[in-house]
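Take a look at the letters that make up each chain.
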Amino acid sequence: VQLQASGGGLVQTGGSLRLSCATTGRTWSSRAMGWFRQAPGREREFVAALKWSGGNTYYADSVKGRFTISRDNAKSTLYLQMNSLKPEDTAVYYCTSAMHAIVSSFSTPGAYEYWGQGTLVTVSS
């Protein structure tokens, strides 16, 4: 399983970005896929997850209403649409895949087996 994140960049406060995560391998047999982020000096934190069966989505409170996680099965790609960006959203964003996780663990980094290389999002004030 390989994950390749892209789409990061520099954006002003209030702007939008869409992150993409191209996937290869057995990713589509995952239990869930998600996005985490890590700001300098801080721990990696949960952003959003998508349960493969049923397509249910889950979000951190800090991004709820602003970010949307989605997938395109035909393109084997996971997306994160980020709107109304704030300076505190600045971080390296990672896409990830969990083969066996249960819903209650979707927000835990340790539940995910595969990680992409990360893409940097910088929101200027």
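Structural data are supplied above this passage.
From a predicted model like this one, the values you see are computed outputs, not experimental measurements.

Draft legend 1. Here's a closer look at the overall build of the protein. A count of helices and strands for the protein gives zero helices and 11 strands. In the protein, the order of α-helices and β-strands from amino to carboxyl end is β-β-β-β-β-β-β-β-β-β-β. A compact globule built from 125 residues should have a C-alpha radius of gyration of about 14 Å, and the protein, at 13 Å, falls within 12% of that. Projected onto the principal axes, the alpha-carbon positions of the protein cover approximately 40 × 30 × 25 Å. Within the span of the protein, comprising 125 residues, buried residues form 43% of the whole. As displayed, the protein has an accessible area near 6,200 Å², and 48% of this comes from carbon and sulfur atoms. Positive and negative side-chain charges of the protein, numbering 12 and 7 respectively, have mean locations separated by a distance of 7 Å.

Draft legend 2. Quick peek at the state of the cysteines. What the rule picks out here adds up to one disulfide. Covalent S-S linkage joins Cys 21 and Cys 95, the inter-sulfur distance amounting to 2.1 Å. Taking the sign of the torsion about the S-S bond as the criterion, the disulfide between Cys 21 and Cys 95, at about 65°, is right-handed. Linking Cys 21 in strand 3 (residues 17-24) with Cys 95 in strand 9 (residues 91-98), this pair joins segments that are 74 residues apart in sequence. For the pair Cys 21 and Cys 95, one class covers both residues: buried.

Draft legend 3. Examining unusual backbone geometry more closely. With a phi close to 50°, Ser 76 is a non-glycine residue in the positive phi region. On the secondary structure map, Ser 76 appears in the loop between strand 7 (67-72) and strand 8 (77-82). The residue Ser 84 is not glycine, and still its phi comes out positive at about 50°. Within the fold, Ser 84 resides in the loop between strand 8 and strand 9.

Draft legend 4. Summary view of the packing of aromatic side chains. Under the defined criterion, the tally for this structure stands at six aromatic pairs. Residues Phe 36 and Tyr 112 carry aromatic rings whose centres are separated by 5.2 Å and whose planes lie at 75° to one another, so their mutual orientation is edge-to-face. Residue Phe 36 is located in strand 4 (residues 32-38), and its partner Tyr 112 is located in the loop between strand 9 and strand 10 (114-115); the two are separated by 76 residues in the primary sequence. Between Tyr 94 and Trp 115 the ring centres are 6.4 Å apart and the planes differ by 80°, which places this aromatic pair in the edge-to-face class. Remark: Trp 115 occurs in strand 10 and Tyr 94 occurs in strand 9; sequence separation between them is 21 residues. Residue class for Trp 115 comes out partly exposed when judged on its relative accessible area of 27%. Members of the aromatic cluster, each reached through a chain of ring pairs, are Phe 36, Phe 46, Tyr 94, Tyr 112 and Trp 115. Above the plane of the ring of Tyr 94 lies Arg 44, whose end atom (NZ or CZ) is 3.9 Å from the centre.

Here is what the cut-offs are and how they apply
- Here the residue numbering is sequential within each chain, running from 1 through the sequence in written order.
- The predicted origin of the model limits local features to residues at a pLDDT of at least 70 and limits the giving and counting of side-chain atom pairs to 80 or more, whereas totals for whole chains, interfaces and linings rest on all residues.
- Hydrogens and water molecules were not included; the side-chain quantities draw on all heavy atoms of the structure.
- Put simply, DSSP H or I for four residues or longer makes a helix, DSSP E for two residues or longer makes a strand, and each gets a number counted from the N terminus.
- The atom set for the radius of gyration is the C-alpha atoms, and the globule formula is 2.2 Å times the number of residues raised to the power 0.38.
- Each residue gets one of three labels from its accessible area relative to the maximum for its type: buried under 20%, exposed over 50%, partly exposed in between, using a 1.4 Å probe on protein chains only.
- Methods summary: accessible areas were calculated by the Shrake-Rupley approach with a probe of 1.4 Å, and residue burial reflects only the protein chains presented.
- Positive residues here are Lys and Arg, negative ones are Asp and Glu, while His and the chain termini are left out of the count.
- Here the site of a charge means atom NZ of a Lys, CZ of an Arg, CG of an Asp or CD of a Glu.
- When the sulfur atoms of two cysteines come within 2.5 Å, that pair is taken as a disulfide.
- Side-chain rings of Phe, Tyr and Trp, where Trp is taken by its six-membered ring, are said to pair if the distance between their centres is within 6.5 Å; with planes under 30 degrees apart they count as stacked, over 60 as edge-to-face, and otherwise as tilted.
- When the NZ atom of lysine or the CZ atom of arginine is within 6 Å of a ring's centre and also within 35 degrees of its normal, the charge is said to sit over that ring.

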